[in-house]
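Analysis of the macromolecular model
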Amino acid sequence: MELTGSLNMVGYGLAAIGPGIGIGLIFAAYISGVARQPEAQSRLQSIAILGFALAEALAIIGIALAFVI
Amino acid sequence: MSSLIVRSEGFTPPGPADFDLPAVFGGGSFDFLGQAQVAGVTKPMLQVVLAAVIVFVVFYLAQRKRAMVPGRLQYVGEEAYGFVRNSLGRDILGSHDFARFVPYLFALFFFILLNNLFATIPFIQFPTFSRSGMVYGLAAMSWVIYNAVGIQKHGFVGYFKLQSVPAGVTGPILLLLIPLEFLSNILVRPVTLALRLFANMFAGHLLLILFALGGEYLVFEMSLAYAPVGVLAWILFIAVAFLEILIQFLQAYVFVLLNAMYIQGALADEH
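Just so you know, these numbers come straight off a predicted model, no measurement behind them.

A word on the overall build of chain A. Tallying secondary structure elements over chain A gives three helices and zero strands in all. Secondary structure of chain A in N-to-C order comes out as α-α-α. Relative to the 2.2 N^0.38 estimate, which gives 11 Å for 69 residues, the radius of gyration of chain A is 17 Å and therefore markedly larger than a compact globule would have. Summarising its shape, the C-alpha atoms of chain A cover approximately 55 × 25 × 15 Å along the three principal directions. The buried share among the 69 residues of chain A stands at 10%. Within chain A, counting contacts between residues at least 6 apart in sequence, those at least 24 apart form 71% of the total.

For the rest of this paragraph, the subject is the overall build of chain B. The helix and strand inventory of chain B stands at seven helices and two strands. Each helix (α) and strand (β) of chain B, taken in turn from the N terminus, gives the series β-β-α-α-α-α-α-α-α. In terms of overall dimensions, chain B has C-alpha extents of about 70 × 60 × 40 Å along its principal axes. Counting every position in chain B, which comprises 271 residues, the buried fraction comes to 28%. Expressed as a percentage of contacts within chain B between residues at least 6 apart in sequence, the contacts between residues at least 24 apart total 55%.

This next bit is on the nonpolar core. Grouped together as the largest cluster of nonpolar side chains are 50 residues, with contacts concentrated most on Leu-105, Phe-109, Phe-198, Val-256 and Ile-263 of chain B. Of all the elements in the fold, those that place two or more residues in this core are α3 (41–68) of chain A together with α1 (43–64), α2 (72–93), α3 (102–117), α4 (132–154), α6 (173–220) and α7 (227–267) of chain B. Ranked by residue count, the leading element in this core is α7 of chain B, at twelve residues. Discounting chain neighbours no more than four positions away, the residues touching Phe-109 of chain B are Val-84, Leu-88, Ala-252 and Val-256 of chain B.

Attention now moves to the confidence of the model for chain B. All names here are of chain B. Overall, the prediction assigns chain B a mean pLDDT of 88, with 96% of residues at 70 or greater. For chain B, the element scoring lowest by mean pLDDT is strand β1 (residues 25–32), at 77; α3 scores highest, at 95. Note that pLDDT drops below 50 for residues 1–8; the model gives that stretch 17 contacts with residues more than four away or on any other chain. Listed scores for the predicted complex are pTM 0.86 and ipTM 0.71.

All names here are of chain B. For β1, a buried count of zero out of eight residues is recorded, marking the element as mostly open to its surroundings. Sheet analysis places β1 next to strand β2 (residues 35–41), joined by six bridges and oriented antiparallel. Looking at β2, one finds that Asp-31 is bridged to Ala-36. Connecting β1 to the antiparallel partner β2 that follows it, the hairpin turn spans two residues, and Leu-33 within it adopts a positive phi of roughly 55°.

Structurally, the position occupied by Leu-258 of chain B is in helix α7. When the C-alpha atoms of Leu-258 of chain B and Ala-139 of chain B are compared, they prove to be 11 Å apart, with 119 residues separating the residues in sequence. Among all residues touching Leu-258 of chain B, those that are not within four sequence positions of it are Ala-53 of chain A together with Leu-193 of chain B.

Relative to each other, α3 of chain A and α7 of chain B sit at 105°, their axes nearing to 11 Å. Here α3 of chain A lies roughly perpendicular to α7 of chain B, going by the angle between them. Across the interface between the two elements, Ser-46, Ile-49, Leu-50 and Ala-53 of chain A of α3 of chain A pack against Val-254, Leu-257, Leu-258 and Met-261 of chain B of α7 of chain B. Of the residues that constitute the contact of α3 of chain A with α7 of chain B, the class distribution is seven nonpolar, one polar and no charged.

Time to look at unusual backbone geometry. Comment: phi is negative for the bulk of residues other than glycine, and the bulk of peptide bonds are trans. All names here are of chain B. One non-glycine residue, Phe-123, adopts positive backbone phi at about 75°. Locating Phe-123 in the fold gives a position in the loop between α3 and α4. A positive phi angle, near 45°, is found at Gln-125, a position not held by glycine.

The next point concerns the environment of Phe-111 of chain B. Residues and elements named next belong to chain B. One can find Phe-111 in helix α3. C-beta crowding within 10 Å serves as the criterion here: with 20 such atoms nearby, Phe-111 is assigned to the buried category. Beyond its immediate chain neighbours, meaning those up to four positions away, Phe-111 contacts Ala-51, Ala-52 and Val-55.

Residue and element names in this part refer to chain B. At a minimum axis distance of 10 Å, the contact between α2 and α3 shows a crossing angle of 115°. Judged by the inter-axis angle, α2 sits roughly perpendicular to α3. The crossing of α2 and α3 is right-handed. Residues Tyr-81, Val-84, Arg-85, Leu-88 and Gly-89 of α2 form the contact with α3, whose participating residues are Val-102, Leu-105, Phe-106 and Phe-109. Counted by class, the contact of α2 with α3 contains seven nonpolar, one polar and one charged residues.

Another point: the environment of Leu-105 of chain B. All names here are of chain B. Looking at the element boundaries, Leu-105 is found in helix α3. Residue Leu-105 is classed as buried on the basis of its 21 C-beta neighbours within 10 Å. Expressed as a C-alpha distance, the spacing of Leu-105 and Leu-88, which sit 17 residues apart in the sequence, is 7.7 Å. If near-sequence neighbours (up to four positions away) are discounted, Leu-105 is found in contact with Val-84, Leu-88, Gly-89, Val-256, Asn-259 and Ala-260.

What counts and what doesn't
- Residues numbered from 1 in each chain as written.
- Chains lettered and ligands numbered in written order.
- Predicted model: local features only at pLDDT ≥ 70, side-chain atom pairs only at ≥ 80, totals over all residues.
- Helix = DSSP H or I, 4+ residues; strand = E, 2+ residues; numbered from the N terminus.
- Rg over C-alpha atoms; globule rule 2.2 N^0.38 Å.
- Buried ≥ 20, exposed ≤ 12 C-beta atoms within 10 Å, placed from the backbone.
- Contact = placed C-beta atoms within 7 Å.
- Core = buried A, V, L, I, M, F, W, Y, C linked by C-beta atoms within 7 Å.
- pLDDT = per-residue confidence, 0-100.
- Pairing = 2+ DSSP bridges.
- Axes fitted to C-alpha atoms, helices over the stretch in contact; angles between N-to-C directions.
- Parallel < 35°, antiparallel > 145°, perpendicular 65-115°, else oblique.
- Nonpolar A, V, L, I, M, F, W, Y, C, P; charged D, E, K, R; others polar.
- Left-handed = near helix turned anticlockwise from the far one by under 90°.

Here's what the structure looks like:
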């Protein structure tokens, strides 16, 4: 079977490892924070989602560039 | 875009071209920056209008009676309003001046949520915000709002000082930090805000098309031995569709959360 195509997507797959690890670390910290202090959940939640959104932005810039370049 | 297509013995995988829907009304095309553009009303445009009308009508009906003991619709409306007001408005903007932003955040959240859920609702099944132009409008609106709020509160110079000079930093490092902060807070924010929603909706819908078409190809076009794999692809399609519902909700939430945080940052007092 012959595959022809763009290596962009392979590169994007490698680039997505970074934000993937980052998002994992953010939610690991969030879960252990809530486990230690359940009443802090509502305050931690918005911080965790903000961190998730910022880490995810890297993956999104990556996918935009993978399509454009 | 042809460089994206991977050909493997007759199967054409879905690509960005699958999002170019034909016009519902009108038609014709014109050239813009060397690309052919459709001049007419397309499906996402109708969906935007439909979502705005549904959000308005449902919440108008929900608040019409204002009974002391709420009926079903009023209860749903109150719960929905309370969710946005408390978790997106009060917790982030602070109890002092959240009230004047709640209508904006509330309308924005349910408008985006409904537009995202259109990707799952049968017979519509197209996420409006997988067309990037729709999202740029929303991001431009929120960019104007948070900057206008900040300029109104701190004045033009004071606002840009607040956004681009980090507190407690002195010395030559400011030469590096001021351009970076300005770039990050004023210029990059609307771009990432728009791209986040667009790319999530786009990638999710593309994934669903891929599972559906790939399963169809494996079951009907290849030899019989491949058919179970095709059925597996369809089962995964259903699982991914449920994951997509979660993502659609989460992206609407994140969009409005970031809007609230940007407004809060623009309103913050200087340290």
